[in-house]
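# Descriptive structure summary
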Amino acid sequence: MHTTVGIIGAGPAGLLLARTLHRAGVDCVVLESRDRAHVERRQRAGVLEQSTVDALRAVGAAGRLDREGLVHDGVELRWEGRAHRVDFPSLANGRRVRVYAQTEVVKDLVALHLADGAALRFGAEARSVDGADTGRPTIRYTQGGRDRTLTCDYVVGCDGFHGVARAAFPEGIRRTYARAYPYAWLGILADVAPSCDELVYAHSRRGFALHSMRSPEVSRLYLQVPHGTDPADWPDERIWDELDARFARDGWELARGPITSRSVLPMRSSVTEPMRYGRVFLAGDAAHIVPPTGAKGLNLAVADVVVLGRALIRHRTTGASDLLDAYSDTCLRRVWRAEHFSYAMTTMLHTDPAGSPFDTRLQIAQLDRIADSPHAAAELAVNYTGLPLP
Ligand code: RFL
Ligand code: PHB
């Protein structure tokens, strides 16, 4: 089998790239190790930047998002009994965000792609990518218990943090910058109307908490927990009591409801450079991850494939390789901005178990600064709502 662009992974990055190429008449095949139900059910991101919404609209994948996505004009910060709302449109040039679950983005893209009869193979696990520096990179994969090969003009690794595409870059070429954080998140979904209209990010001496949502009927909440936390040690009542304590604010009450899912997620930052070697490209979590406090991961993945889709189509139609050659540098500039923002949000809001009272006072000084200075608040708003695409 041969294709022009072989894409590994049917997360948001792989699916959006495939959609973009397919619409432009560029032949591509997506290989996804998991089955469709698994990919569509994985609970993850919830906040879409304006440029992410625009990118989905551009490939005709925003019909349901435009009807059901919740438009958010700000977030609330809470600390030390104080609360401050950061207003996006007034601080970030009219920009706002959408709350629409990643599961729904993935469902919408899968449905469109399959309806077009485009090549999207579930249960196809890539084992390796060979020949990155030749004219014919090859993906070796297994499907239905059989070993198979897909030769390509280009390979794009959209296979997430644990993917195999990164290994196609020789050790001497690839450089990874990483940071682990000394805590994790316990995330829950609950069948209860959100207790707020906008997201609430709470700093507390007991640890960080975040109130997000999926719909007017479903709440999504997160608690900072120690590494190695077993979700089974957190029965419903313990979770709600802890959320109550961390969000505590006069006159505010957190509504409780049945918890339908709970899981623990690690907090990491990592960037692999460059994002291209020969004819193999990395996009999304395969190249970089951020701790979720800044809501940037999905948006970065989308930005990468917007840049890459444009470059591949230009190369295909005009023969020009300038955009492909610039891909890694173009993306990394945005990636490092988002890495810094995610790190800053994370360390401003979480309690470091090895931290000192001095560290806590610095966090409070920064939160006070955001409340007192429109310049500091604008810096948060501009980063949160996202930079325009290059
Ligand atoms: P994905 O979504 O991980 O998709 C990778 C796909 O590749 C498949 N795969 C393979 N397929 C074939 N062969 C192999 N060898 C393969 N190895 C892997 C996998 O099965 C999978 O289908 O990566 P992608 O497309 O780059 O998308 C990235 C986003 O998923 C991620 O950055 C976000 O979810 C991060 N994130 C958030 N981002 C935001 O922008 N806003 C948010 O509010 C937000 N909240 C979050 C988040 C991530 C979270 N978790 C679970 C880490 C909240 C959470 C809790
Ligand atoms: C979510 O809704 O899952 C969510 C929202 C904001 C974040 C992280 C996750 O910063």
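Coordinates for the structure precede this section.
Turning our eyes to something else, we now look at unusual backbone geometry. Of the consecutive residues glutamate 273 and proline 274, the connecting peptide bond is found in the cis state with omega at -10°. Even without a glycine there, the phi angle at glutamate 80 is positive, about 50°. Residue placement: glutamate 80 occurs in the loop between β5 (74-79) and β6 (82-87). The class of glutamate 80 is partly exposed, set by a relative accessible area of 44%. One non-glycine residue, alanine 295, lies in the positive phi region at around 55°. One can find alanine 295 in the loop between β19 (288-289) and α8 (297-318). Residue alanine 295 is classed as buried on the basis of its relative accessible area, which comes to 17%.

What follows covers the site of ligand 1. Near ligand 1 there are 35 residues, and of these Glu32, Arg42, Gln102, Asp285 and Leu298 occur at the shortest range. Glycine 297 has a polar backbone atom sitting 3.2 Å from an oxygen atom of ligand 1. Elements with a minimum of two residues in the shell around ligand 1: α1 (12-23), β2 (28-32), β9 (124-130), β15 (218-225) and α8. Considering each element in turn, the shell around ligand 1 owes the most residues, 4 residues, to α8. A per-class count over the shell around ligand 1 returns 17 nonpolar, 9 polar and 9 charged.

Attention now goes to the sheet that holds strand β13 (residues 199-202). If you trace the 8 strands from one edge of the open sheet to the other, you get β6-β5-β13-β14-β15-β12-β16-β19, paired in mixed fashion. Sheet topology places β6 and β19 at the edges, where each strand pairs with a single neighbour. When β13 meets strand β14 (residues 209-215), the two strands line up antiparallel, connected through 3 bridges. Counted as the bridge partner of valine 200 is histidine 211 from β14. Strands in contact with helix α7 (residues 236-247) are β5, β12 (175-190), β13, β14, β15 and β16 (259-273); relative to β15, the strand with the most contacts, it is inclined by about 80°.

Looking now at the side chain of threonine 138. Locating threonine 138 in the fold gives a position in strand β10 (residues 138-143). Judged by its relative accessible area of 11%, threonine 138 falls in the buried class. From its side chain, threonine 138 meets the backbone oxygen of arginine 136 in a polar contact 3.2 Å long. For threonine 138, the residues in contact, after removing those within four places along its chain, are Ser128, Val129, Asp130, Thr149, Leu150 and Thr151.

Moving on to the pairing of β5. Where burial is concerned, most of β5 is hidden: 6 out of the 6 residues are buried. The two faces of β5 match: Gly74, Glu76 and Arg78 on one face and Val75, Leu77 and Trp79 on the other face are all buried. As defined by bridge partners, β5 adjoins β6 across 6 bridges and the pair is classed as antiparallel. Bridge pairing in β6 places valine 75 opposite valine 86.

Procedures and definitions
Residues numbered from 1 in each chain as written. Chains lettered and ligands numbered in written order. Predicted model: local features only at pLDDT ≥ 70, side-chain atom pairs only at ≥ 80, totals over all residues. Heavy atoms only, no water. Helix = DSSP H or I, 4+ residues; strand = E, 2+ residues; numbered from the N terminus. Buried < 20%, exposed > 50% of the residue type's maximum accessible area, 1.4 Å probe, protein only. Near = heavy atom within 4 Å. Polar contact = N/O pair within 3.5 Å; in protein donor to acceptor, adjacent residues only side chain to side chain. Nonpolar A, V, L, I, M, F, W, Y, C, P; charged D, E, K, R; others polar. Pairing = 2+ DSSP bridges. Contact = heavy atoms within 4.5 Å. Axes fitted to C-alpha atoms, helices over the stretch in contact; angles between N-to-C directions.

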